Amino acid sequence: MHKDSTQRASVLQHVSLNVRRLRHAADMSQTALAEKSGVSRRMLVAIEAGEKNVSLTTLDRVAEALDVAFSDLIQAPDARDPSRINEVAWAGTHPGSKAVLLSKATATREVEQWEWCLQPGEVYPSQADAEGWSEQIFVFEGCLTLMLGDQPQHIGTGEFFMFASNQPHSYRNDGDVAARFVRNVVI
């Protein structure tokens, strides 16, 4: 079985378990959820059975009707870190086409999205942000060394890392090629 198919099967299973669990927690029948979400009862039965490849829009509507976050539907039910999702939320018909929800963070004001490029040997020191701020880093080329105090975190191509940014931190490229990454600052 193709790896993406395996990932998609596991997220369908997560959605199935989570929708059922959250619907029961809200003390809603499938009919009541169908009426509130605008999603047919037949579709909900298929989703809860893990049989239906469901659209992101449908999942958004179900999440809103259950008064939960979209990520609560697709995350593994036994996840230890609720902010780290790393689940395939959508798979296309062409191999390799997919959308992966990496992480979530609660923002009180806004989220800034930055694209960074550090050439070999470059360092960017950053002061501690305000209490409650966090950052999400996704490296799409090279390897980034994130220093949290004096502790290095090596984040390679295709990897991501999240941290509370209310501490001194810096970004460093110790490699031989440019490190390119996306940095989200959650305020």
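Keep in mind the model is a prediction, meaning the values are calculated, not measured.

### Side note on the packing of aromatic side chains
Logical step 1: Summed over all chains, the structure comprises 7 aromatic pairs.
Logical step 2: Both rings, one in Trp-116 and one in Tyr-171, keep their centres 5.6 Å apart while their planes meet at 40 degrees; by these two values the pair is tilted. In this pair, Trp-116 sits in strand β3 (residues 111-118) while Tyr-171 sits in strand β9 (residues 169-172), placing the two residues 55 residues apart along the sequence. Neither Trp-116 nor Tyr-171 differs from the other in exposure class; each is buried.

### Here we look at the packing of helix α2 (residues 30-37) against helix α3 (residues 41-48)
Axes are the key here: two packed helices are described by the angle between their axes and the distance separating the axes.
Logical step 1: The N-to-C vectors of α2 and α3 enclose an angle of 115 degrees; their axes lie 9 Å apart at closest approach. The way α2 lies across α3 gives a crossing that is right-handed. Along the contact surface, α2 presents Gln-30, Thr-31, Leu-33 and Ala-34, while α3 presents Arg-41, Leu-44, Val-45 and Glu-48.
Logical step 2: Grouping the amino acids of the contact of α2 with α3 by side-chain chemistry returns 4 nonpolar, 2 polar and 2 charged.

### Quick notes on the nonpolar core
Logical step 1: Among the nonpolar cores identified, the biggest contains 21 residues, and Leu-33, Val-62, Leu-73 and Ile-74 are the most heavily contacted of them.
Logical step 2: At the level of secondary structure, the elements contributing two or more residues to this core comprise α1 (3-25), α2, α3, α4 (56-66), α5 (70-74) and β1 (84-91).
Logical step 3: With 5 residues, α4 is the single largest residue contributor to this core.
Logical step 4: In this view, Leu-33 contacts Val-19, Arg-23, Met-28, Gly-38, Leu-44, Val-62, Ala-65 and Leu-66; residues no more than four positions away in its chain are not counted.
Logical step 5: Among the nonpolar cores identified, the runner-up in size contains 12 residues, and Trp-116, Leu-118, Phe-161 and Phe-181 belong to it.

### Let's talk about the sheet that holds β9
Logical step 1: Strands sit in the order β4-β9-β6-β7 across an open sheet of 4 strands; the sheet is antiparallel. Each edge of the open sheet carries a strand with a single partner, namely β4 (123-126) and β7 (151-156). Strand-to-strand twist across the sheet, computed as the mean angle between neighbouring axes with direction ignored, equals 20 degrees.

### Structural notes on α2
Logical step 1: Along α2, the residues that are buried comprise Gln-30, Leu-33, Ala-34 and Ser-37. The arc that holds the buried residues of α2, viewed along the axis, is 100 degrees, so those residues lie on one side. Facing away from the buried side of α2 by over 90 degrees, the exposed positions are Glu-35 and Lys-36.
Logical step 2: In the stretch just after α2, Gly-38 is the one whose phi turns positive, near 80 degrees.

### Some details on the side chain of Ser-37
Logical step 1: When you line up the elements, Ser-37 lands in helix α2.
Logical step 2: Only 3.1 Å separates the side chain of Ser-37 from the backbone nitrogen of Val-39, close enough to count as a polar contact.
Logical step 3: Each residue touching Ser-37, except ones within four places of it in the same chain, is listed here: Arg-61, Val-62 and Ala-65.

### Some words on the pattern of salt bridges
Logical step 1: Under the defined criterion, the tally for this structure stands at 6 salt bridges.
Logical step 2: With a closest N to O distance of 3.9 Å, Arg-20 and Glu-48 form a salt bridge. Here Arg-20, found in helix α1, pairs with Glu-48, found in helix α3; they are 28 residues apart in sequence, far enough to count as distant.
Logical step 3: Through salt bridges that share partners, Arg-20, Arg-23 and Glu-48 make up one connected network.

### Considering the pairing of strand β2 (residues 98-103)
Logical step 1: Two strands pair when backbone bridges link them, and β1 and β2 are joined in this way by 5 bridges, in the antiparallel orientation. What sits directly across from Val-88, in β2, is Val-100.
Logical step 2: Between β1 and β2, which pair antiparallel and follow one another directly, the connecting turn spans 6 residues, one of which, Gly-96, has a positive phi of 95 degrees.

What counts as what
Residues numbered from 1 in each chain as written. Predicted model: local features only at pLDDT ≥ 70, side-chain atom pairs only at ≥ 80, totals over all residues. Heavy atoms only, no water. Phe/Tyr/Trp six-rings, centres within 6.5 Å; stacked < 30°, edge-to-face > 60°. Helix = DSSP H or I, 4+ residues; strand = E, 2+ residues; numbered from the N terminus. Buried < 20%, exposed > 50% of the residue type's maximum accessible area, 1.4 Å probe, protein only. Axes fitted to C-alpha atoms, helices over the stretch in contact; angles between N-to-C directions. Left-handed = near helix turned anticlockwise from the far one by under 90°. Contact = heavy atoms within 4.5 Å. Nonpolar A, V, L, I, M, F, W, Y, C, P; charged D, E, K, R; others polar. Core = buried A, V, L, I, M, F, W, Y, C linked by side-chain atoms within 4.5 Å. Pairing = 2+ DSSP bridges. Arc of directions from axis to C-beta. Polar contact = N/O pair within 3.5 Å; in protein donor to acceptor, adjacent residues only side chain to side chain. Salt bridge = Lys/Arg side-chain N within 4 Å of Asp/Glu carboxyl O.

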